[in-house]
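An overview of the molecular structure
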Amino acid sequence: MSQLVLEHIGKVYPNGTRALKAVNISVEQGEFLVVIGLSGSGKSTLLRCVNQLHDISEGKMTFEQADVTHLKGRSLRQLRSRIGMIFQQFNLIPRKTVLTNVLSGALARTGIFKSLLGIYSKAERELAYRYLDIVGLREKAYVRADNLSGGQQQRVAIARALMQNPKILLADEPVASLDPATSHSVMKYLQKVNQEMGVTVICNLHFLSLVRTYATRVIALKGGELVYEGSPQDIDENWFTAIYGEDAVEVTID
Amino acid sequence: MTTISFAPKRHVEVLKAWMIDTLVWGYTFLVLFKIVWQRIILDLRFIDFSWSEPLACLALGAVVALAMFFTRCSIGKALYGLIDFQDGRSWVRESHAVLTLVVLALTFVAGIMVTQVSMREFFSESGLAGAQRIFTALLNPNFAIFEDALFAAIETVFMAFIATSLAIPAAFVLAFFAARNLMSGSPLSFAIYSVLRFFLNVTRSIEPLVWAIVFSVWVGIGPFSGMLALFLHSVASLTKLYSEQIESISDGPIEAMKATGAHPIQVIWYGVVPQIILPYLSYTIYRWDINVRMATVIGLVGGGGIGTMLMQYQGLARWNEVGTLVIVIAAIVWLMDYASAKIRARLK
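These numbers come from a predicted model, not from an experiment.

Residue and element names in this part refer to chain A. The six strands lie next to each other as 6-7-8-3-9-10, forming an open sheet whose pairing is mixed. The open sheet has two edge strands, strand 6 (83–86) and strand 10 (225–230), and neither has a second partner. In this sheet, adjacent strand axes meet at a mean angle of 20° when their direction is disregarded. Both strand 9 (residues 217–222) and strand 10 contribute to a ladder of five bridges, which runs antiparallel. Within strand 10, the position partnered with K222 by the bridge is E225.

Residues and elements named next belong to chain A. Counting residues in each nonpolar core, the largest one holds 73 residues, and the members touching the most others are I36, L132, I158, M187 and V211. Here the element with the most residues in this core is helix 6 (residues 150–163); it accounts for seven residues. Setting aside anything within four residues of it in sequence, one finds V211 in contact with V34, I36, L205, V218, P232 and I235. By size, the runner-up hydrophobic cluster in this structure holds 29 residues, among which are I9, L20, V35 and L53.

Quick look at the interface of chain B and chain A now. Counting residues at the interface gives 21 residues for chain B, matched by 30 residues for chain A. Across the chain B/chain A interface, buried area totals approximately 2,100 Å², and carbon plus sulfur atoms make up 62% of it. Summed over the shared surface of chain B and chain A, the result is one salt bridge. The salt bridge partner of A:R48 is B:E255, with a shortest N-O separation of 2.6 Å. For the pair chain B and chain A, the number of links is nine residue pairs in polar contact (both at pLDDT 80 or more). At the level of secondary structure, the elements contributing two or more residues to the side of chain B that touches chain A comprise helix 12 (252–259) and helix 13 (264–299) of chain B. For the side of chain B that touches chain A, the per-class residue count stands at twelve nonpolar, six polar and three charged.

Glancing now at helix 1 (residues 9–41) of chain B. Residue and element names in this part refer to chain B. Between its terminal C-alpha atoms helix 1 stretches 45 Å, which fits the 48 Å expected from 33 residues at 1.5 Å a residue. Its maximal kink placed at L32, helix 1 deviates by approximately 30°. Burial in helix 1 covers these residues: A17, D21, T22, V24, W25, G26, T28, F29, V31, K34, I35 and Q38. Elements in contact with the buried residues of helix 1: helix 2 (52–68), helix 3 (75–79) and helix 4 (95–114). At the C-terminal side of helix 1, D43 shows a positive phi close to 50°.

With that settled, consider the pairing of strand 9 of chain A. Residues and elements named next belong to chain A. Counting buried positions over the six residues of strand 9 gives five, a clear majority of the element. Where strand 3 (residues 32–36) meets strand 9, four bridges bridge the pair, whose relative direction is parallel. Counterpart to I36 in the pairing with strand 9 is A220. Between the end of strand 9 and the start of strand 10, which pair antiparallel, lie two residues, with G223 showing a positive phi angle near 55°.

Let us look at the packing of helix 7 (residues 146–177) of chain B against helix 15 (residues 319–346) of chain B. All names here are of chain B. Where helix 7 meets helix 15, the axes come as close as 10 Å, and the angle between the chain directions of the two elements is 40°. As helix 7 packs across helix 15, the resulting crossing turns out to be right-handed. Here helix 7 contributes F146, A149, A153 and V157 to the contact with helix 15, which in turn contributes T324, L325, V328 and I332. Grouping the amino acids of the contact of helix 7 with helix 15 by side-chain chemistry returns seven nonpolar, one polar and no charged.

As a further point, take the domain arrangement of chain B. Domains assigned within chain B are domain 1 (8–117) and domain 2 (142–347). Relative to domain 2 of chain B, the C-alpha centre of domain 1 of chain B lies at a distance of 41 Å.

What counts and how
Residues numbered from 1 in each chain as written. Chains lettered and ligands numbered in written order. Predicted model: local features only at pLDDT ≥ 70, side-chain atom pairs only at ≥ 80, totals over all residues. Heavy atoms only, no water. Pairing = 2+ DSSP bridges. Helix = DSSP H or I, 4+ residues; strand = E, 2+ residues; numbered from the N terminus. Axes fitted to C-alpha atoms, helices over the stretch in contact; angles between N-to-C directions. Core = buried A, V, L, I, M, F, W, Y, C linked by side-chain atoms within 4.5 Å. Buried < 20%, exposed > 50% of the residue type's maximum accessible area, 1.4 Å probe, protein only. Contact = heavy atoms within 4.5 Å. Buried area = accessible area lost by both parts, 1.4 Å probe. Salt bridge = Lys/Arg side-chain N within 4 Å of Asp/Glu carboxyl O. Polar contact = N/O pair within 3.5 Å; in protein donor to acceptor, adjacent residues only side chain to side chain. Nonpolar A, V, L, I, M, F, W, Y, C, P; charged D, E, K, R; others polar. Expected span 1.5 Å × (residues − 1). Bend = angle between axes of the 7 residues up to and from the residue. Left-handed = near helix turned anticlockwise from the far one by under 90°. Domains from an automatic or database assignment.

Now the structure itself:
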């Protein structure tokens, strides 16, 4: 059975824009699924529909055999807590330490009153240190998050997502604001999370060279529709033109 | 989807431009007639006034504005961008720019006449003698009342402190309802936003001095009425500053906190508060600083503290005591200004 199933998922924004049109995707446990497409093709919307930062307008979504299409309140927060997410702009809490940022990944299972006072159990703290070890930033635990470099901030964001003990990790263009060398380092950490911890990764990417290196499967969106699904090695010149249009030129990153 | 297009906006702008021109010309004629002709050229001692004069000037202005509207000599047209500006052309050749300067010059002349600027008074013998008397007294302060002045000053500082600290929770809550980005979701919330903004603007545009007069009648003369006046004004201005801060926060951390499955209260505490807390502190300390200064002035109308003391000694023309009070006030204001600047510089 697939871990996450999207059936005829459609998304219409309040202003009338149709961002997704009847998208069908099945995601298997342990995949590294990469979503490609032009800006505005619906990639970000797709990820935000999975953890319902945007509500789903049409269709049905199943997560671990349970219908989760229209959740509200507590059950929605529970779904979100099992799906981690990292962002293009990292979205760390400014002026807070790296450790506080990582601990904020545990908010869903922390009582409201305790979290307002910033009281976390010893076990949670040790977990936070462990995940900081995994992304190689333990010695930065007490540094303010906004004083780190872009690549380091994204690694903190990965540790924060891991703190949720997620089944799926959503990555919305995680390296789009980073330089090429740092991009590979961040992608390698995502790969490590995927391969060593068995977390399913769904990742939006722009660079095909990164897609070929890290993806186990690729889907492509164009104008909100699924136009390609297959192995990263099969994306050739023709597919590239079909997805990105005649005028596009492939840019590599190494 | 079809869009209904209304009459071009240009017509409205032309009308507004003509109205501005009418006001400018009407004002010019009124100043020329009342100040330049009657006051300066005829040098009339008592100038009587009738409402027909400004109305006649306005009517004349409307006609002249209409006549000049088809030339480049129109301030209204220039303001609404209805004149094609030519690059490299000197402003001296732009008749509307020259007209603006003439109007400003006339206003300056009128201002001098209205404020009764007089060098003769300034350097008159009795005037200079008075100045010497008051400066001598001020520079020889009577330190016998120093302790009283100090206690009054402490009252003033505490008055400002209580007004600020009571204003913080009120402004904190109101700021969320006065933040455009949070309230533009539904027509109802936007209506609340608009009404709240209106009341805040009205409250802010009435000086604390006026509020102090209102409250001194309400609760009686003393520090309490002064505190209430400062409180009200602080709520209004802190709410505005706080809400502008909320309007400028980034959505990223909020989105990230939602994505972890956090409760809405946790989202606000972790996603919103860290982004606003330091600017809030900074504004609040600055506000306290302002309130100490205002508290001194408010004392003059019976708001208590050192201002009231100053008013009493000034009424008795005891300038040596006033000198002491001025020194104490200057010291407090300087101290608050220095401390608040230092603290705010640290809060970055």
